[in-house]
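# Observations on the three-dimensional arrangement
Residue-level listing of the chains:
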Amino acid sequence: MLEIGALRYQFPGADPEIMQFDLSVAAGEVLSLIGPSGSGKSTLLNLIAGFLKPDSGHIHVDGEAIEHLPIAQRPVTIVFQQHNLFPHLDLYTNVALGVDPSLKLSTEQDQLIEDALESLALSGLEKRKPGELSGGQRQRIALARVLVRERKVLLLDEAFAALGPAQREELIVLVKALVERKKMAALLVSHQPRDALIASDRTAFVQNGRIIALQPTRQLLEETDLVEVRSYLGSL
Amino acid sequence: MTQTERSAYLVIAILAVLVLAPMGGLLSLGRLPGFEPQDLQFWQSTYIRRVVFFSLWQALLSALFSVVPAILVARAFAFNGDFPFRSLLLRLFGLPLVVPSVVAVMGIVSVYGSDGWIPLGRSLYGLNGILLAHVFFNLPLAVRLLLPLWQGIPRHHWELAEQMDFSGWHRWRHLEWPALREGLPGVMLLVFMLCLTSFAVVLTLGGGPKSTTLEVAIYQSLRFDFDPVQAVILALLQLSLCLLVAVVILKMQKLPEVEISIASPASESRNYRNPLNSLVILVAGIYVGLPLASLLIDALSGPMAQVVANQYIWQSAGKTLMLGLGAAGLSVMAGWFLLGASSQLANRGQLRRARLVEISGSIIYVVPPLVLGTGTFVLLSDYIDVFSWVYPIVIIINAMMGLPFVIRTLGPAMRQNQMRYQNLCSSLALSGWNRFIFIDWPLLRRSIGLSAALVAALAMGDLGVIALFGTPNTATLPLLIYQQLGAYLIPQATATALLLLGLCLLVFWVIERYIGGKADA
């Protein structure tokens, strides 16, 4: 579903170190990305989302190149750690902006939003503002928007890092079910190895702008001989 | 390149033309009628030497007399958290920002004039009066710039000092002075620059050739002596001085940030109670409050009814309002595009270019309005009747004067908005009108309202460019007050000043309330 090949990027003005990524994610799969801060995990997501432009390489979704598409036309949706919601808009409008930025919604689109809110146990909260909700509820709204946007690729950039362990686990399980049901390809960036264990069958370890290991999650986290991974896990 | 960036570059191009064309006018000195090559040896002119010396001398004294007491006042505020009416006094210290210069001058005349509460007689006009007025404006500004330096000292440092039983002197030496030393030169230079380019105060309170600054001398050369050659030479001198000070300020980059507002600044304070601190706050409060109170009393007990019934006054008020609103609209629009482009560039990591785009809006700091006006006068007077173009010229130059305020007020909110929501908006295809209506306007309307209110109030109170281009038929309220003062109609001028102050505060309040709306961001 999501294929990334020889995707190279160098930060403007940075030292000559060039990031390069190769990986693939199947439909219905959540692939976790772990690694030290500044290793390039979020940069990879930003390249896929289109916030950064790669120097070379390709990003294919279902065999079609998307690296030249404008941000809004990419079949990609992203959930950030914070500022996913506009604080002055109510929950319903925040989700509706994902369907139509001009907010001219048809009856079907209205129903789509209602269904998404209901499936995430958010019914009845439509008129609330983000400030009136808990951190977990706010991220649920962001996931409701993921549902209504119906994109093939989901990027989660430390989306649950600010939540407590129980809420984080609950939302990761929810995302996993959502991705399987909608046959999306998801990339989950996290600092918590436990998130990867819950979410992913496979996990990639990123360091210095490269994926230096891509293995079954349990094997990578518990049995690996790679010094870099052991050192990273030991430092947590 | 985005639409916002294209608009910003258009704004920069217009600004460049507006600044460079008048500069071209100034530099084409040789083609002016009456020009003689020996005019270039301006340093041989006793008059010009005296004007340059007085400009620098009054600016230096004003800066010293404003900033040194401001250190004591800011310190007193920092240490008197529970001083009665502390918040009200800090709000009063924000007021000179929107009080027109000519209104403050009337207040000062009302207190220190021959019939005032503390009469200084004839000696008010000249250096004394200029200093009194400059301190009225700049002491509160310096207090608001310096106060955050005390608040920047970490709480733990104060606690350590208490634990180690520091005396007041030790606290000053080891905690306060190191923090103050960082920001003090920047504040001093800023006040020096403001006083160097001060026009209305020197025009109204300066006492003849002995107390004339470059700005006023330019005006007199153009409007009274009809000597454009001398006006251009003086303007070039003033420009060189301002460039020099601006370069030093930019090199230092130690100017503390202050929220530009008449609201009381958010301030944390420590309680080291000392009766002397309370006395310092009280004296400073009286110094700033007295001219305004005196103006109010004198105006209301004078010919206020007669002034209010005068149709000519209301025509002037209408023109003042039109110029203020025109300048505010233009300034906020230009600032919006510059800040939008600057934020987008910064978001893409192009920090240097982002800074340059933003700095371009503050060009007026280097090229004072009167210098710009002189250049425009010289450039256009051969082709058009500049006096019949007074309104567009005054609106444009006042909009340029307001642009740095828009950038300071709107900039932080816009940058934060861009940083938080740019990627989200891009991924949701929220752009253009949809983005403005659904996201930017609700989140930024408070800052937009405050910027527009500030620029409108400043432009309405301006007695600079309008003095250069205005005629009795096109007089705004500040120019009318100046004309009344010139005709020794002091009670009428006082009443008109109160009307102008009321109008400025009303416009400020209406714009901030109805454009700014609730603080929902």
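Keep in mind the model is a prediction, meaning the values are calculated, not measured.

## Thoughts on the nonpolar core
Phe77(B), Leu146(B), Trp150(B), Leu205(B) and Leu463(B) are the most contacted members of the largest nonpolar core, which totals 171 residues. With sequence-adjacent residues up to four places away left out, Trp150(B) is seen in contact with Ile71(B), Ala74(B), Arg75(B), Ala78(B), Phe79(B), Trp158(B), Trp172(B), Glu176(B) and Leu180(B). Counting residues in hydrophobic clusters, the runner-up holds 42 residues, among them Tyr9(A), Val61(A), Ile78(A) and Cys425(B).

## What about the interface of chain A and chain B?
Opposite the 19 residues of chain A that make contact, chain B presents 15 residues. Buried area between chain A and chain B, both sides added, is near 1700 Å², and the carbon and sulfur share of it is 72%. When residues of chain A are sorted by the area they lose upon contact with chain B, His83(A), Phe86(A) and His88(A) head the list and together hold 34% of the total. At the boundary of chain A and chain B, one finds zero salt bridges. Counting the contacts that link chain A with chain B gives three residue pairs in polar contact (both at pLDDT 80 or more).

## A few points about a nonpolar patch on the surface
Residues and elements named next belong to chain B. A contiguous nonpolar surface patch, about 560 Å² in accessible area, is contributed by Phe53, Trp57, Leu60, Leu64, Phe65 and Val68. Position of Phe65 among the secondary structure elements: in helix H2 (residues 46–79). Look at Phe65 and you get partly exposed, because its relative accessible area is 43%.

## Observations concerning the packing of helix H1 (residues 3–27) of chain B against helix H13 (residues 311–347) of chain B
All names here are of chain B. At their nearest, the axes of H1 and H13 sit 8 Å apart, and the two run at 125 degrees to each other. On the basis of their axis angle, the class for H1 and H13 is oblique. In terms of crossing hand, the pair formed by H1 and H13 is left-handed. When H1 is examined against H13, the residues Thr4, Glu5, Ser7, Ala8, Tyr9, Val11, Ile12 and Leu15 are found in contact with a partner set consisting of Ala334, Phe337, Leu338, Gly340, Ala341, Gln344 and Leu345. Counted by class, the contact of H1 with H13 contains ten nonpolar, four polar and one charged residues.

## Some remarks on the pattern of salt bridges
Residues and elements named next belong to chain A. Tallied over the full model, the rule gives ten salt bridges over all chains. One salt bridge connects Glu222 with Arg218, and the closest N-O pair in it is separated by 3.1 Å. Of this pair, Glu222 and Arg218 are both found in helix H7 (residues 217–223), four residues apart, which corresponds to roughly one turn of the helix.

## Things to note about the environment of Arg149(A)
Among the structural elements, Arg149(A) can be located in helix H4 (residues 135–149). Owing to a relative accessible area of 8%, Arg149(A) belongs among the buried residues under this scheme. For Arg149(A) and Thr77(A), which are 72 residues apart along the polypeptide, the C-alpha to C-alpha distance reads 7.5 Å. Beyond its immediate chain neighbours, meaning those up to four positions away, Arg149(A) contacts Val76(A), Thr77(A), Gly98(A), Ser427(B) and Leu428(B).

## A look at the packing of aromatic side chains
How two aromatic rings sit relative to each other is set out by the distance from centre to centre and by the angle between their planes. Residues and elements named next belong to chain B. In the structure shown here, the tally under the stated rule is 17 aromatic pairs over all chains. Between Phe436 and Trp441 the ring centres are 6.1 Å apart and the planes differ by 40 degrees, which places this aromatic pair in the tilted class. You can call Phe436 partly exposed: its relative accessible area is 25%. Three or more aromatic residues link up through ring pairs in this structure, and these residues are Trp336, Trp433, Phe436 and Trp441. Seen from the ring of Phe79, Arg171 lies directly overhead, with NZ or CZ sitting 5.9 Å from the centre.

## Notes on the side chain of Arg144(B)
Mapped onto the secondary structure, Arg144(B) falls in helix H5 (residues 127–151). A distance of 3.0 Å separates a polar side-chain atom of Arg144(B) from the backbone oxygen of Leu90(B).

## Thoughts on helix H14 (residues 351–359) of chain B
All names here are of chain B. For H14, every residue scored as buried is listed here: Ala354, Val357 and Glu358. On an axial view of H14, the arc spanned by its buried residues comes to 95 degrees, and they lie on one face. Across from the buried face of H14, at angles greater than 90 degrees, the exposed residues are Arg352 and Leu356. Against H1, H13 and helix H16 (390–427) lie the buried residues of H14.

## As for the pairing of strand E7 (residues 153–157) of chain A
Residues and elements named next belong to chain A. E7 sits mainly inside the fold: five of its five residues count as buried. Here E7 shows two buried faces, one formed by Val153, Leu155 and Asp157 and the other by Leu154 and Leu156. Bridge count for strand E6 (residues 76–79) against E7 is four bridges, and the pairing is parallel. Each residue of the ladder has a partner; that of Ile78, found in E7, is Leu155. Two elements, E7 and strand E8 (residues 185–189), share five bridges in a ladder whose sense is parallel. Its bridge partner being in E8, Val153 is matched across the sheet by Ala185. Assessed by its sense of winding, the connection that carries the chain from E7 through helix H5 (residues 165–182) to E8 is right-handed.

## Describing the packing of H2(B) against helix H10 (residues 228–252) of chain B
In a pair of packed helices, the angle between the axes and the distance between the axes together describe the arrangement. Residues and elements named next belong to chain B. H10 packs onto H2 with a crossing angle of 35 degrees between their chain directions and a minimal axis gap of 12 Å. The two elements H2 and H10 cross, and the hand of that crossing is right-handed. The segment H2 lies against H10, with Tyr47, Ile48, Val52 and Leu56 engaging Gln230, Ile233, Leu234, Leu237 and Leu241.

Rules used throughout
Residues numbered from 1 in each chain as written. Chains lettered and ligands numbered in written order. Predicted model: local features only at pLDDT ≥ 70, side-chain atom pairs only at ≥ 80, totals over all residues. Heavy atoms only, no water. Core = buried A, V, L, I, M, F, W, Y, C linked by side-chain atoms within 4.5 Å. Buried < 20%, exposed > 50% of the residue type's maximum accessible area, 1.4 Å probe, protein only. Contact = heavy atoms within 4.5 Å. Buried area = accessible area lost by both parts, 1.4 Å probe. Salt bridge = Lys/Arg side-chain N within 4 Å of Asp/Glu carboxyl O. Polar contact = N/O pair within 3.5 Å; in protein donor to acceptor, adjacent residues only side chain to side chain. Patch = residues over 30% accessible without salt bridge, like charges linked within 9 Å, V, L, I, M, F, W, Y side chains within 5 Å. Areas by Shrake-Rupley, 256 points an atom, 1.4 Å probe, with all protein chains shown as cover. Helix = DSSP H or I, 4+ residues; strand = E, 2+ residues; numbered from the N terminus. Axes fitted to C-alpha atoms, helices over the stretch in contact; angles between N-to-C directions. Parallel < 35°, antiparallel > 145°, perpendicular 65-115°, else oblique. Left-handed = near helix turned anticlockwise from the far one by under 90°. Nonpolar A, V, L, I, M, F, W, Y, C, P; charged D, E, K, R; others polar. Phe/Tyr/Trp six-rings, centres within 6.5 Å; stacked < 30°, edge-to-face > 60°. Lys NZ or Arg CZ within 6 Å of the ring centre and 35° of its normal. Arc of directions from axis to C-beta. Pairing = 2+ DSSP bridges. Right-handed = clockwise from strand over helix to strand, strands pointing away.

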